[in-house]
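Observations on chain architecture
The lines below spell out each chain.
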Amino acid sequence: DRIARRQDREFSEFRKRLKNTEQFKVTGGVFDDATFAALYKLVQDGYIEAIGGPISTGKEADVFEALAPEDETVAIKVYRINASDFRQMRDYLEGDPRFENIRGDKKRVVLAWVKKEYGNLLRAKKAGVRVPDPIAVQRNVLVMEYLGDETRAAPTLDDADLGNPETAYEVVREYIRRLYDAGLVHGDLSEYNLVVDDGELVVIDVGQAVTVHHPNSEEFLRRDCRNVANFFAREGVDADGDDLYDYVVSE
Ligand code: ATP
Ligand code: MN
């Protein structure tokens, strides 16, 4: 019918508009039809108005700036369904009571993953851990608060001006403990998944975070603690992975 035809036309206009912007020349137009449709739905729903430059290009997902209504900037993380290592992703969904029945194909696993990242952001935020505010999920696209300023995205901890490393270590220690108290283990925590936004430490990339029910959650927590403690030890802090672990799990 006419409405459907008009929607088709609007969609292909949107797609053309996206495809002609600079960043798609850079990324080589990596988005498939379904991803364009998800982005378009986010535009229709009023979460984004236009896609800006790429912030990061990863193996499984790309992160872009996007313009939101009222001149706000948001960040969008776009997962690539085909490039994703979904077997490993599926392992990370194991034992999570929220995603008990996700077996099946790659697509379903990746889509569950994006919802999991959104859910984890929400749970971390409620637990008092500074993370990007989750805003929306549409299929393989996560919309979240943008960290950074007009000139650039917030740097990761390895690149940031730390200020006082002792204080920073204490903050990260508290974050890990709060996450754990809320039943979550990050699972990939290191100086590369912490950013410094306007002097504030922010935990990012919580897609793989598992609940404490996961069979490997203890091992993941030990690894997170080791990564973080080793980084801060290199910065001159008296930090040790085992001590950090004991602190996190202690009553
Ligand atoms: P990688 O494999 O590089 O770790 P990833 O797929 O795990 O990438 P993230 O770690 O979530 O994805 O994000 C990649 C990079 O994008 C981050 O290191 C950070 O620099 C930037 N980034 C992520 N989220 C945001 C955000 N909300 N605001 C600003 N920059 C962000
Ligand atoms: Mn990351």
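Structure's up top.
Since the model is a prediction, treat every value here as computed from it, not as a measurement. (Residues numbered from 1 in each chain as written. Chains lettered and ligands numbered in written order. Predicted model: local features only at pLDDT ≥ 70, side-chain atom pairs only at ≥ 80, totals over all residues. Heavy atoms only, no water.)

**A short note on the overall build of the protein chain**
Our working definition: Strands are runs of DSSP state E lasting at least 2 residues, helices are runs of H or I lasting at least 4, and numbering of each runs from the N terminus. Classification of residues uses two cut-offs on accessible area relative to the type maximum, computed with a 1.4 Å probe and protein chains only: under 20% is buried, over 50% is exposed, and between them is partly exposed. Contact between two residues is taken to exist if any of their heavy atoms lie within 4.5 Å; hydrogens are not considered. Residue-level accessible areas treat just the shown protein chains as cover; the underlying method is Shrake-Rupley with a 1.4 Å probe.
Helix and strand content of the protein chain: eight helices and nine strands. Within the protein chain, the fraction of its 251 residues that count as buried is 44%. By sequence separation, contacts in the protein chain at least 24 residues apart represent 58% of the contacts at least 6 residues apart. Summed over its atoms, the accessible surface of the protein chain is roughly 13,000 Å², and 44% of this surface lies on carbon and sulfur atoms.

**A closer look at the site of ligand 1**
Short version of the rule: Whether a residue is near a molecule or strand depends on its heavy atoms: it is near if one of them lies within 4 Å of it. Counted as a polar contact is a pair of N or O atoms within 3.5 Å, where, for protein atoms, one must be capable of donating a hydrogen and the other of accepting one, and residues adjacent in sequence contribute only when both atoms are in side chains.
Surrounding ligand 1, one finds 16 residues, the nearest of these being K77, E145, L147, N193 and D205. In this structure, an oxygen atom belonging to ligand 1 sits 2.7 Å away from a side-chain N or O atom of K77. Contact between ligand 1 and N193: an oxygen atom at 3.2 Å from a side-chain N or O atom of the residue. With the chains in place, 79% of the 600 Å² that ligand 1 exposes on its own is no longer accessible. Counting residues per element, the ones that place at least two in the shell around ligand 1 are β1 (50-57), β2 (61-68), β3 (72-79) and β5 (141-145).

**Here's the deal with the environment of Y175**
Mapped onto the secondary structure, Y175 falls in helix α6 (residues 165-181). Distance in space between the C-alpha atoms of Y175 and V203 is 8.2 Å, their sequence separation being 28 residues. Not counting chain neighbours up to four residues away, the residues in contact with Y175 comprise G128, V129, R130, L201 and V203.

**Overview of the coordination of the manganese ion (ligand 2)**
The textbook angles at a metal center are 109.5 degrees for a tetrahedron of four donors and 90 or 180 degrees for an octahedron of six. The following threshold applies: For Na, K and Ca the donor cut-off is 3.2 Å, while for other metals it is 2.8 Å, and in both cases only N, O and S atoms qualify; water is not among them, so sites may look incomplete.
Protein coordination at the manganese ion (ligand 2): the donors are N193 (OD1) and D205 (OD), at 2.2 to 2.3 Å from the metal. Separated by twelve residues along the polypeptide, N193 in the loop between β6 (184-185) and β7 (194-197) and D205 in the loop between β8 (200-203) and β9 (210-211) bring together distant segments of the chain. On the accessibility criterion, D205 (22% relative accessible area) is partly exposed.

**Describing helix α8 (residues 241-249)**
In plain terms, the rule: Comment: arc refers to directions from the helix axis out to C-beta atoms.
Among the residues making up α8, those that are buried are G241, L244, Y245 and V248. Looking straight down α8, one finds its buried side chains confined to an arc of 100°; they lie on one side. Facing away from the buried side of α8 by over 90 degrees, the exposed positions are D242 and D243. Those residues of α8 that are buried are in contact with α6 and α7 (217-234).

**What to know about unusual backbone geometry**
At E70, a position not held by glycine, the phi torsion is positive, near 60°. By the secondary structure assignment, E70 is in the loop between β2 and β3. By relative accessible area, E70 is classed as exposed at 79%. Within the chain, D198 stands out as a residue other than glycine whose phi angle is a positive 55°.

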